[in-house]
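Listed below, chain by chain, are the residues.
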Amino acid sequence: MIVAQQKPVSEIAQMISDCKKVLFLGCAGCVTVCLAGGEKETDVLASAIRIKRTLESNPLEATTFTCTRQCDPEYIVGIDNLVKDVDAIVSLACGVGVQYLAERFKDKWVVPALDTKFIGGSVVHGLWEEKCGLCGECILHRTGGICPIIRCSKSILNGPCGGSQHGKCEVDKDVDCAWQLIYDRMRALGKLDKLMEIQPIKDWSKSRDGGPRKAIREDVMIDE
Amino acid sequence: MPEFEPKIVAFCCRYCAYTAADLAGSMRLQYSPNIRVVEMPCSGTIEHGLILSTFEKGVDGVYIAGCNLGDCHFLKGNVRAIKRVAAVKKILDEIGLGGERLEFFHVPASEGTKFAQVANEMTERIRQLGPSPLNKNAAGNAQKEGGQTA
Amino acid sequence: MSNLSKLQQVLDSGQFTVTAEIGPPKHSSAEGIRHHAEMMQDYVDATNITDNQTAIVRMSSIAAGVHVLNSGIEPIIQMTCRDRNRIAMQSDLLGAYSLGMRNVLCLSGDHQKFGNHPTAKNVYDVDSMQLIENLRRMRDEKVFFCGEAIKEAEPQFFIGAVANPFADPFEFRVDRLEKKVNAGAQFIQTQCIFDMERFERFMEMVRERGLDQRVHILAGVTPMKSWRAASYMQNNVSGMIVPDELVERLKNAEDPKREGLDICIEQIKYIKEKIKGVHGVHIMAIAWEEVVPEIVEKSGLYPRPKVD
């Protein structure tokens with residue numbers, strides 16, 4: 001899932017300080033699962049900013065709603081009536097949702113309430129960890145199912161570098177060395193010889209370096 | 001001007017504080033009339049949003065009363081409540097209402113006196129702090145649209 | 001200008017080689033580098049020029065290399081993968097060769113977190129292994145990293161790499177060294193050796209696989225000024241093992257600097273005489289370049305061989 005975290009309330013409040021009526025729009029997708037922008041978080045944020053504004057003698061009319069997903073046009077079409085007379089929309093979705101809103105509601109001020117951090121999964125309740133570097137060309141079959149692109153601080157493809165000690169990365173003693181994990185796993189699987197192959201330089205054009213990427217499945221596209 | 005009488009909402013766990021309130025009654029203990037008790041199935045059912053909306057309605061103080069550590073009927077509900085209260089206190093500080101208007105107390109079922117003591121203690125604290133700027137009925141807030149920063 | 005690296009000639013001749021290290025300054029004056037180079041000139045066969053070491057902005061290693069070369073020493077240009085993508089790397093390397101640089105040391109580079117620009121974006125487009133392999137292809141196959149032909153004057157670098165016997169997993173360190181040799185590394189400089197026992201075990205594995213026959217290994221040594229410096233390295237530098245005895249010895253010394261030099265000299269003599277398969281020593285006198293001549297002399301490595 002996409003993992004995001006809420007910006008400080010005061011920072012969000014600042015973005016809409018000159019607005020009188022605002023829609024706080026949550027998203028029931030990834031950000032609900034990572035407890036950053038679901039229905040509950042949307043209500044809490046709206047409530048907090050409403051109180052803040054009242055205390056500043058600049059009352060805010062805040063309404064809340066949570067879309068099924070903000071990253072599908074179908075789901076934001078339905079909120080036209082909620083958006084009609086607000087000065088701004090505070091989106092509690094990832095960066096994708098914010099952009100979909102800005103695109104659809106051309107005359108509205110749309111601001112992000114979250115910082116979109118990474119894609120990953122949960123470790124325990126309340127803790128999420130980055131797992132995938134979105135490099136566009138998966139190499140997990142060569143690295144024992146552990147991604148060095150994102151889990152190695154240097155994205156090294158022929159690791160581990162000289163900064164790996166006691167299983168930890170030089171960057172932080174709390175960070176596992178991805179290449180130690182890869183080594184351990186490949187050894188357990190009896191596939192250490194695979195690590196002796198020199199991994200060639202990567203085609204980063206399949207990553208963000210090639211501009212915004214598209215994924216297409218023509219068989220499911222609907223011809224009009 | 002009459003002395004400020006705070007309005008305080010006490011979210012009380014059914015297995016401890018709420019029972020303790022009954023006991024306080026049976027014991028004929030006098031305690032602050034400023035508190036409004038809301039029965040909860042467990043202090044762990046409290047949520048960030050509920051606390052904030054309670055403040056939005058204009059109450060001057062809120063507290064959550066749960067079991068002693070280790071005594072939760074649902075094992076860890078009180079531990080979770082404590083963490084949530086801490087998180088909401090942070091929000092209250094950040095938005096200017098002040099985290100001290102919110103508190104968590106341990107009130108075991110067998111301690112009617114503790115229940116009364118906590119009610120009095122919180123009332124006294126809020127009395128000192130003065131009315132919540134969101135309390136439209138409090139003297140001094142009524143005429144000022146929106147109140148002032150706490 | 002000769003095409004052959006002097007370092008390569010000394011190593012290939014089988015003589016015990018000495019390299020040192022010059023750290024470029026955090027300013028734009030070359031005075032200090034020239035001074036250090038002139039001072040070391042007769043005592044070393046080549047010097048490394050570090051590339052923004054520990055991710056602190058310093059004068060470019062290639063520019064500093066020009067000053068060193070003009071002062072009479074052959075530079076070994078360090079190139080990290082942290083700050084340049086493959087385009088900048090190749091461009092800089094072509095330029096370096098045109099300026100007379102003949103040796104390149106390929107490294108991953110310390111993470112930017114340790115430097116004075118911790119909020120920088122790192123590059124790591126290519127890793128050190130890939131840099132070695134592609135530098136070799138530039139020279140031997142006359143192609144750029146992308147495979148396109150270099151029509152003329154391909155850079156013929158003597159390619160170096162690093163090995164850290166003190167990092168983990170220990171068992172894989174020799175594998176990785178072998179991988180670097182397979183990629184095209186011709187000389188190896190190791191991380192600073194303080195734990196001699198571990199280095200000996202490492203070298204044993206190196207010899208078992210005959211790697212010492214395929215690559216020139218230079219053992220890294222560092223003189224320490226005080227027990228505090230030793231203790232700092234022991235606790236704060238990842239991929240470094242500093243035995244307690246060493247810290248104690250410096251702590252108890254009347255003249256810690258003298259003791260630090262003596263330890264370093266002892267280490268060099270030990271490595272040269274007792275550890276087979278080591279082809280030279282790489283002296284990293286970090287911010288203490290002026291002691292290099294003395295270390296070389298007292299280790300019995302002076303005078304250095306002359307090469308045309």
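What this report covers is the structure whose coordinates are included nearby. (Residues numbered from 1 in each chain as written. Chains lettered and ligands numbered in written order. Predicted model: local features only at pLDDT ≥ 70, side-chain atom pairs only at ≥ 80, totals over all residues. Heavy atoms only, no water.)

**A look at the overall build of chain B**
So, point 1. Along the backbone of chain B there are 4 helices and 4 strands.
So, point 2. For chain B, the sequential pattern of α-helices and β-strands runs β-α-β-α-β-α-β-α.
So, point 3. The C-alpha radius of gyration computed for chain B amounts to 15 Å, which stays within 12% of the reference 15 Å derived for 150 residues, consistent with globular compactness.
So, point 4. With the C-alpha coordinates of chain B rotated into their principal frame, the extents come out at 45 × 35 × 20 Å.
So, point 5. Here chain B holds 150 residues, and 48% of them are scored as buried.
So, point 6. Sequence separation of at least 24 residues holds for 75% of the intrachain contacts in chain B that already meet a minimum separation of 6.
So, point 7. Separation between the mean location of the 17 positive side-chain charges and that of the 16 negative ones in chain B comes to 4 Å. (Helix = DSSP H or I, 4+ residues; strand = E, 2+ residues; numbered from the N terminus. Rg over C-alpha atoms; globule rule 2.2 N^0.38 Å. Buried < 20%, exposed > 50% of the residue type's maximum accessible area, 1.4 Å probe, protein only. Contact = heavy atoms within 4.5 Å. Lys, Arg positive; Asp, Glu negative; His and termini not counted. Charge placed at Lys NZ, Arg CZ, Asp CG, Glu CD.)

**Concerning the packing of aromatic side chains**
So, point 1. Applying the stated criterion across every chain, the model contains 8 aromatic pairs over all chains.
So, point 2. Here the aromatic rings of C:Phe158 and C:Phe187 are separated by 4.9 Å at their centres, their planes lie at 25°, and the arrangement is stacked. Of this pair, C:Phe158 sits in strand β5 (residues 158–163) while C:Phe187 sits in strand β6 (residues 187–192), and the two are 29 residues apart along the sequence. As far as the burial class goes, C:Phe158 and C:Phe187 line up, both buried.
So, point 3. Its guanidinium or amino end placed over the ring of A:Trp204, A:Lys202 lies 5.8 Å from that ring's centre, counting from NZ or CZ.
So, point 4. One Lys or Arg, C:Lys251, reaches over the ring of C:Trp227 and ends 4.3 Å from the middle of that ring. (Phe/Tyr/Trp six-rings, centres within 6.5 Å; stacked < 30°, edge-to-face > 60°. Lys NZ or Arg CZ within 6 Å of the ring centre and 35° of its normal.)

**Here's the deal with the arrangement of the chains**
So, point 1. The assembly contains 2 pairs of chains in contact; the pair sharing the most contacts is chains A and C.
So, point 2. Separating chain B from chain C is a minimum C-alpha gap of 27 Å, and the two share no contact.

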